[in-house]
Amino acid sequence: MLNDKIKKDKDVVVLTAGTPGAFGMTPERRKELGKNLVDVGIAEEHAVAMSSALAKGGCKPVFCVWSSFLQRTYDQLSQDLAINNNPAVILVYAGAISSMDVTHLGCFDIAMASNIPNIVYLAPTNKDEYLAMLEWGIEQQSHPVIIRVPQQVNAAVAPVAQDYGELNKYQVVRQGKDVAVLALGSFFGLGEEVVAQLKEQGIDATLINPRYVSGLDGKLLNDLKANHKLVVTLENGVLNGGFGEKIARF
């Protein structure tokens, strides 16, 4: 998709921090992208600051980074990008609980990045939703946007929105009662399995795709109180500071 975007719009710039191969940037593709691909070397901090500056100057930067390496950029996310509210896009790959070594754990990005004011953190559940969010993120001019790239390529089970400008509006995929399951991003498939098993036990549960990691749909959450006794959250990350903690605190 990014290749096609760049062919049509030279303002789109892809950034990487010394790991182009991890994101499919083969030598052939790097040659094709030319000046619209910037590899800053192993300097994720600079990549975020540069993305903010490019966005401020009218470009449409897309920084591809592993979740574990995003941890190095907290100051730049907060002070360079979010405070200035510049509309750069950051694609977070390998955001998940993993068995890799301790310096490559990808489970802290939600707790770290979703609580920084002005950042819109999106968690698509499937390929179509991811591409729609990416298109919206690149073209909108109101917010810095982070997208947690799905770990699995699942088929869409609900209509996919094209505009995410109405912030923090969750999607009710299946309306039920008594139990509500909020299944975030890559764990949406698990949410479907849980709801199906509950159905076998006579429980008609509600299934929700939150879509937004960084904000709460207060209206929907309040509405759940009318006919739900239990709210369950599923996410691929840590408990402290995570999405589930946001819901529980609400």
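Residues numbered from 1 in each chain as written. Predicted model: local features only at pLDDT ≥ 70, side-chain atom pairs only at ≥ 80, totals over all residues. Heavy atoms only, no water.

Student: Mind laying out the pattern of salt bridges, listing which residues take part and the relevant values?
Tutor: This model, assessed by the stated rule, comprises 10 salt bridges. For the salt bridge of Lys219 with Asp223, the shortest nitrogen-to-oxygen distance reads 3.1 Å. Of the two residues, Lys219 and Asp223 are both situated in helix 9 (residues 218-227); the distance of 4 residues between them amounts to about one turn of the helix. We classify Asp223 as partly exposed; its relative accessible area is 43%. Each member of the salt-bridge network shares a partner with another, and the members are Lys5, Asp9, Lys60, Glu135 and Glu139. (Salt bridge = Lys/Arg side-chain N within 4 Å of Asp/Glu carboxyl O. Helix = DSSP H or I, 4+ residues; strand = E, 2+ residues; numbered from the N terminus. Buried < 20%, exposed > 50% of the residue type's maximum accessible area, 1.4 Å probe, protein only.)

Student: Please set out unusual backbone geometry residue by residue, giving values where relevant.
Tutor: Although it is not a glycine, Asn85 sits at a positive phi angle of roughly 55°. Examined against the element boundaries, Asn85 turns out to sit in the loop between helix 5 (74-82) and strand 4 (89-93). Phi is positive for Ala94, close to 55°, though the residue is something other than glycine. Checked against the element boundaries, Ala94 lands in the loop between strand 4 and helix 6 (109-113).

Student: Could you give an account of the sheet that holds strand 10 (residues 228-234), naming the residues involved and the relevant values?
Tutor: Strands pair in a sheet through their backbones, by hydrogen bonds, and they do so in one of two ways: parallel or antiparallel. If you trace the 4 strands from one edge of the open sheet to the other, you get 7-9-8-10, paired in mixed fashion. The open sheet has two edge strands, strand 7 (171-174) and strand 10, and neither has a second partner. The sheet shows a mean angle of 25° between the axes of neighbouring strands, taken without regard to direction. Pairing of strand 7 with strand 9 (residues 206-209), which is carried by 3 bridges, proceeds in the antiparallel orientation. (Pairing = 2+ DSSP bridges. Axes fitted to C-alpha atoms, helices over the stretch in contact; angles between N-to-C directions.)

Student: Kindly report on the sheet that holds strand 2 (residues 37-39), identifying the contributing residues and their values.
Tutor: Across the sheet, which stays open at both edges, the 6 strands sit in the order 2-1-3-4-6-5 with parallel pairing between neighbours. The open sheet has two free edges, formed respectively by strand 2 and strand 5 (120-122), since each of these has just one partner strand. For this sheet, the mean inter-axis angle between neighbouring strands, taken without regard to orientation, is 20°. With 4 bridges joining them, strand 1 (residues 12-16) and strand 3 (residues 60-66) adopt parallel strand pairing. Looking at strand 3, one finds that Leu15 is bridged to Phe63. Helix 3 (residues 44-56) contacts strand 1, strand 2, strand 3 and strand 4 of the sheet and is inclined by roughly 160° relative to strand 3. Helix 7 (residues 127-139) rests against strand 1, strand 3, strand 4, strand 5 and strand 6 (145-148) of the sheet, and its axis sits at about 150° to strand 4. (Contact = heavy atoms within 4.5 Å.)

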